[in-house]
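This is what each chain is made of:
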Amino acid sequence: MQVNEILPRKKRPSDDCLWCGAAFEARNGGKRQRFCRPLCRTAFHSASRRWAERAIASGALSIADLRSESHSRAGI
Ligand SMILES: [Zn+2]
């Protein structure tokens, strides 16, 4: 079995915007840039918040889930 054929990899990390999918040139150094522009970052975060609020209202997600997630990331 050839692993390389099962898991094709790009030669370098993707620089596609997480929100709109547009390719962009990430700046070097510091935190890895995931969005092509601040507007996309803001849109992503507000959409994520609305999604989480709806999920909690519908019972699909609990506050305990959110709190454990936030706790598990605190040490990183
Ligand atoms: Zn974008």
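In this text, all values refer to a predicted model and were calculated from it rather than measured experimentally. (Residues numbered from 1 in each chain as written. Predicted model: local features only at pLDDT ≥ 70, side-chain atom pairs only at ≥ 80, totals over all residues.)

1. So, the overall build of the chain
Argument step 1. Counting its regular elements, the chain contains three helices and zero strands.
Argument step 2. Each helix and strand of the chain, placed in order from N terminus to C terminus, yields the pattern α-α-α.
Argument step 3. With 76 residues in all, the chain has 3% of them scored as buried. (Helix = DSSP H or I, 4+ residues; strand = E, 2+ residues; numbered from the N terminus. Buried ≥ 20, exposed ≤ 12 C-beta atoms within 10 Å, placed from the backbone.)

2. A few points about the confidence of the model for the chain
Close inspection of predicted coordinates is inappropriate in any region flagged by low pLDDT.
Argument step 1. The share of residues in the chain with pLDDT of 70 or more is 76%, and the mean pLDDT across the chain is 82.
Argument step 2. Within the chain, no element has a lower average pLDDT than helix α1 (residues 3-6), which sits at 54, and none a higher one than helix α2 (residues 38-58), at 96. (pLDDT = per-residue confidence, 0-100.)

3. Structural notes on α2
In an α-helix, one turn spans 3.6 residues, which is why side chains three or four residues apart end up on the same side.
Argument step 1. Over its 21 residues, α2 extends 30 Å from the first C-alpha to the last, a length consistent with the 30 Å expected when each residue adds 1.5 Å.
Argument step 2. With zero of 21 residues buried, α2 lies mostly on the surface of the structure. (Expected span 1.5 Å × (residues − 1).)

4. Description of the environment of R41
Argument step 1. Among the structural elements, R41 can be located in helix α2.
Argument step 2. Among the residues examined, R41 registers 16 C-beta atoms within 10 Å and is labelled partly exposed.
Argument step 3. Separated by 21 residues in the primary sequence, R41 and C20 place their C-alpha atoms 9.8 Å from one another.

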